[in-house]
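Observations on chain architecture
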Amino acid sequence: MPRTRPSLVGMRYGRLVVLSQGPTRHAHRTWNCQCDCGGTALVGGVNLKRGKTKSCGCLRIDVAGSLVGLKKAWKARSEKTDARRIHNQVLDQDWDA
Ligand SMILES: [Zn+2]
């Protein structure tokens, strides 16, 4: 009895959802995947199952981008806090006057 090779269609791996089976390459099955970002990727089943591939390639860019974004957010937040503190000080002065 041959070993069953279950379909991965519908499975989610990270950002990728398997849409359909792709061509077999070097005796390994590949899968057409839809990425959360809207992109698509053809990924080997082994890479999916081992968690080696979790996006169409956008994840790495996002991680790098989010670090920059995080710093910007922190900067914006601290500036906002400063502005509020100054604003409150002005209000306090108004109240005192
Ligand atoms: Zn993507």
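Up top you'll find the structure we're talking about.
Bear in mind that the values here come from a model prediction, so they are computed numbers and not experimental data.

What about the overall build of the protein chain?
What the protein chain contains, in helices and strands, is two helices and four strands. Helices (α) and strands (β) of the protein chain occur, in sequence order from the N terminus, as β-β-β-β-α-α. Scored against the burial criterion, the 97 residues of the protein chain give a buried share of 12%. Counting only contacts in the protein chain whose residues sit at least 6 apart along the sequence, the fraction spanning at least 24 positions is 20%.

Observations regarding the nonpolar core
In terms of nonpolar packing, the biggest core is built from nine residues, these being Leu8, Tyr13, Leu16, Val18, Trp31, Cys33, Ala41, Val43 and Leu48. Elements represented by at least two residues in this core include exactly strand E2 (16-21), strand E3 (30-35) and strand E4 (40-44). Leu48 has contacts with Leu8, Tyr13, Trp31, Val43 and Thr53, leaving out every residue within four places of it along the chain.

Section: the sheet that holds strand E1 (residues 12-13)
Judged by pairing direction, the sheet is antiparallel, and its four strands sit side by side in the order E1-E2-E3-E4 without closing on themselves. The sheet terminates laterally at E1 and E4, the two strands that pair on one side only. Two strands pair when backbone bridges link them, and E1 and E2 are joined in this way by two bridges, in the antiparallel orientation. Looking across to E2, one finds that Arg12 is bridged to Val17.

Looking at the pairing of E4
Only one face of E4 is covered, namely the one carrying Ala41 and Val43; the face carrying Thr40, Leu42 and Gly44 has none of its residues buried. Pairing analysis gives five bridges linking E3 to E4, with the strands arranged antiparallel. Paired with Trp31 across the two strands is Val43, which belongs to E4. Hairpin connection between E3 and E4: a loop of four residues separates the two successive antiparallel strands, and Gly38 in this loop has a positive phi of roughly 105°.

How each quantity is defined
Residues numbered from 1 in each chain as written. Predicted model: local features only at pLDDT ≥ 70, side-chain atom pairs only at ≥ 80, totals over all residues. Helix = DSSP H or I, 4+ residues; strand = E, 2+ residues; numbered from the N terminus. Buried ≥ 20, exposed ≤ 12 C-beta atoms within 10 Å, placed from the backbone. Contact = placed C-beta atoms within 7 Å. Core = buried A, V, L, I, M, F, W, Y, C linked by C-beta atoms within 7 Å. Pairing = 2+ DSSP bridges.

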